[in-house]
Amino acid sequence: MADNTNDRIPTVVADGVDIVYRVNGTGAGRGSATAALNRIMRRKQTEKAAGVRRVHAVRDVSFVAYKGEAIGLIGTNGSGKSTLLKAVAGLLPVENGRIFTHGQPSLLGVNAALMNDLTGERNVHLGGLAMGMSREQVRDRYQEIVDFSGINEKGDFITLPMRTYSSGMAARLRFSIAAAKDHDVLLIDEALATGDRSFQKRSEERIRELRKHAGTVFLVSHNNKSIRDTCDRVLWLERGELLMDGPTEDVLKEYEAFTGDKSAKPKPKPKPKAAAKVPVPS
Amino acid sequence: MGPIGPTPSPRVKAADVSQVLDTPPQTPPPAGGDLAALAARHGLSVSGARPSLPEYVRQLWARRHFITAFATAKLTAQYSQAKLGQVWQVMTPLLNAAVYYFIFGVLLGTKHGVPDYIPFLVTGVFIWTFTQSSIMAGTRAISGNLGLVRALHFPRAALPLSFCLQQLQQLLFSMAALVVILLCFGVPVGVSWLLALPVLALQFTFNAGVSMVMARMGAKTPDIAQLMPFVLRTWMYVSGVMWSIDKLADKDSLPHAVTLALAANPAAVYIDLMRFALIDSFHASQLPAHVWAIAVGWALVAGVGGFIYFWKAEETYGRG
């Protein structure tokens, strides 16, 4: 079985991955003072008695991703897609199993490093440095980032504080900063839904370009069209379990039947928050 | 419909799910051992593992520009909405000094025979504030920036270091105000002012170390941030910020060990060294014995110990 994979280079290997969230203060008393005291006093007791609830977000997921693949992650809300992505990025611990990666996978996103009180210009520098680019790289790419974002199309907005931007403008600048770096393994969490139609087209182009440089691209999206446009393989997660893993068309057909989405029309939020994160009795 | 248990709608679709499960996956995942072997064969590494200490230092050094840029950005963002803008960087410490002068100099008259009391007091307040706000910021460095920690990869020590650097920049503004105050009160400019630089370097190392310790503790137990103001206030009152520790030693009312401990506590050491550097009427006799050795010792113990303590939990930050 391993023989037919010898010619392809794996970049991400997930081996029986379980991810469990522990949430404090959900037991009896709902975070009241007595419940908190109880928790502290009986530290050595089982998690359940201590009011810690376990949420089993991803169950026994295994897959191998290869260099040059673009993989879509689909599933209804709360099915564990973003959680799995964070674990691949090494930002969440796994309960069981292991995730092996080639190089450092990076989540596409710099929102948290940016500051609304600073100008767009300074945020480009800060965001670039936060992603691990050198000062020279940031300086070289600066114009490219600003042009791509299109922030200056309607005037000199890049020298204004980011709090003065419209939400669309801010989202475009964030995407432009995040997409400025080349990554070994790139993880994208629904970043394509930002901005107007022309910016979305530019973003999709940029993703394809990144894919050429990057080894592997993972894309989480509820937009089946953007999955079709960018991915050649799809993983379908439901309630934390890997339901299907295969070529985009095959998986999406089943998925659309499952969500009752008869036409191939993209539908941003296919399902209400179903009880996908079912807590496991511990 | 409660948050627990499956809702009716997925159950209706259960038939679909089983059909899907029946269809064989196109790329069947090999069994557990095979996957690990495959990963090993291609030299893949486990995601999110803690790097070795030298590797960690190297990564941190590679991010030095981010650390400084983040500190400066935080400092600039602080007053960006104010009309006077960055003028507040100097105004805030000056107003602080004015308040302390009013209360301790005018109302209470707590001079206790300290010559140049106002420069003495203001130096103490500024130097203490540097340690206090560094530790406070360090406590919240991880727990208050979970978004950043969960979105981006960087050695987490960059956060407490960056916050300490921001406080150092803040202190430099305060020091500019302090120089004005010193000159106004007729304290002569001396060569000993150069000693302020090594004192600041040592104090920064100490602060950074303690904030890394607090950052790890605060990441695990955010409640510590609620407790810290009380700990820090107690520490301030025993560190001789507003009074002179060596005057207390003359009184003989306290056991020798207590005054020795008071004088050797790191905050008091850095405050008194700075007073010795800047104020000509503050003599070396007012400093504890081996004061420079104590200052370097505290900086090394806190700096190295704090860094290693922080690194030990590197892979756990921002999780769970």
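It should be emphasised that the depicted structure is a prediction, and the values quoted were computed from it without experimental measurement.

Caption draft 1: A look at the packing of helix α5 (residues 64–78) of chain B against helix α9 (residues 158–184) of chain B. Residue and element names in this part refer to chain B. The geometry of α5 relative to α9 is characterised by a closest axis approach of 8 Å and an angle of 55° between their N-to-C directions. One finds that α5 runs oblique with respect to α9. Once α5 is placed against α9, the crossing between them reads as right-handed. Each of I67, T68, F70, A71, T72, K74, L75 and Q78 in α5 lies in contact with α9, whose residues at this interface are A158, L159, L161, S162, F163, L165, Q166, Q169, Q170 and F173. Split by residue class, the contact of α5 with α9 holds 10 nonpolar, 7 polar and 1 charged.

Caption draft 2: Examining the packing of helix α4 (residues 135–149) of chain A against helix α6 (residues 197–213) of chain A more closely. Residues and elements named next belong to chain A. Where α4 contacts α6, the axes come no closer than 10 Å and their chain directions differ by 135°. Between α4 and α6, the angle falls in the class oblique. Each of D147, F148 and S149 in α4 lies in contact with α6, whose residues at this interface are F199, R202, S203 and R206. Of the residues assigned to the contact of α4 with α6, the class counts are 2 nonpolar, 2 polar and 3 charged.

Caption draft 3: Highlighting the side chain of A:E256. Residue and element names in this part refer to chain A. By the element assignment, E256 lies in helix α8 (residues 248–259). For E256, a relative accessible area of 7% translates into the label buried. Reaching out from E256, the side chain makes a polar contact with the side chain of R228 at a distance of 3.4 Å.

Caption draft 4: Just helix α14 (residues 266–278) of chain B, in detail. All names here are of chain B. With 13 residues, α14 ought to run about 18 Å at 1.5 Å a step, and its terminal C-alpha atoms sit 18 Å apart, in line with that. Burial analysis of α14 places 12 of its 13 residues in the buried class, the great majority of the element. Among the residues making up α14, those that are buried are P266, A267, A268, V269, Y270, I271, D272, L273, M274, R275, A277 and L278. Of the residues that open α14, the one with a side-chain oxygen 3.0 Å from the backbone nitrogen of A267 is N265.

Caption draft 5: Inspection of the packing of aromatic side chains at higher detail. A complete count under the given rule lists 15 aromatic pairs over all chains for this structure. Plain terms: the ring middles of B:F66 and B:F70 are 5.4 Å apart, the flat faces sit at 35° to each other, and that makes the pair tilted. With B:F66 and B:F70 both in helix α5, this residue pair falls 4 residues apart, about one helical turn. Using a relative accessible area of 2% as the deciding quantity, one classes B:F66 as buried. For B:F70, a relative accessible area of 3% corresponds to the buried category. Taken together through their ring pairs, the aromatic side chains of B:W128, B:F206, B:W235, B:Y270 and B:W298 make up a single cluster. It is A:R202 that lies over the ring of A:F148; its NZ or CZ is 5.6 Å from the centre. In this arrangement the basic side chain of B:R64 is found over the ring face of B:W61, its NZ or CZ atom lying 4.3 Å from the centre.

Parameters at a glance
- Residues numbered from 1 in each chain as written.
- Chains lettered and ligands numbered in written order.
- Predicted model: local features only at pLDDT ≥ 70, side-chain atom pairs only at ≥ 80, totals over all residues.
- Heavy atoms only, no water.
- Axes fitted to C-alpha atoms, helices over the stretch in contact; angles between N-to-C directions.
- Helix = DSSP H or I, 4+ residues; strand = E, 2+ residues; numbered from the N terminus.
- Parallel < 35°, antiparallel > 145°, perpendicular 65-115°, else oblique.
- Left-handed = near helix turned anticlockwise from the far one by under 90°.
- Contact = heavy atoms within 4.5 Å.
- Nonpolar A, V, L, I, M, F, W, Y, C, P; charged D, E, K, R; others polar.
- Buried < 20%, exposed > 50% of the residue type's maximum accessible area, 1.4 Å probe, protein only.
- Polar contact = N/O pair within 3.5 Å; in protein donor to acceptor, adjacent residues only side chain to side chain.
- Expected span 1.5 Å × (residues − 1).
- Phe/Tyr/Trp six-rings, centres within 6.5 Å; stacked < 30°, edge-to-face > 60°.
- Lys NZ or Arg CZ within 6 Å of the ring centre and 35° of its normal.

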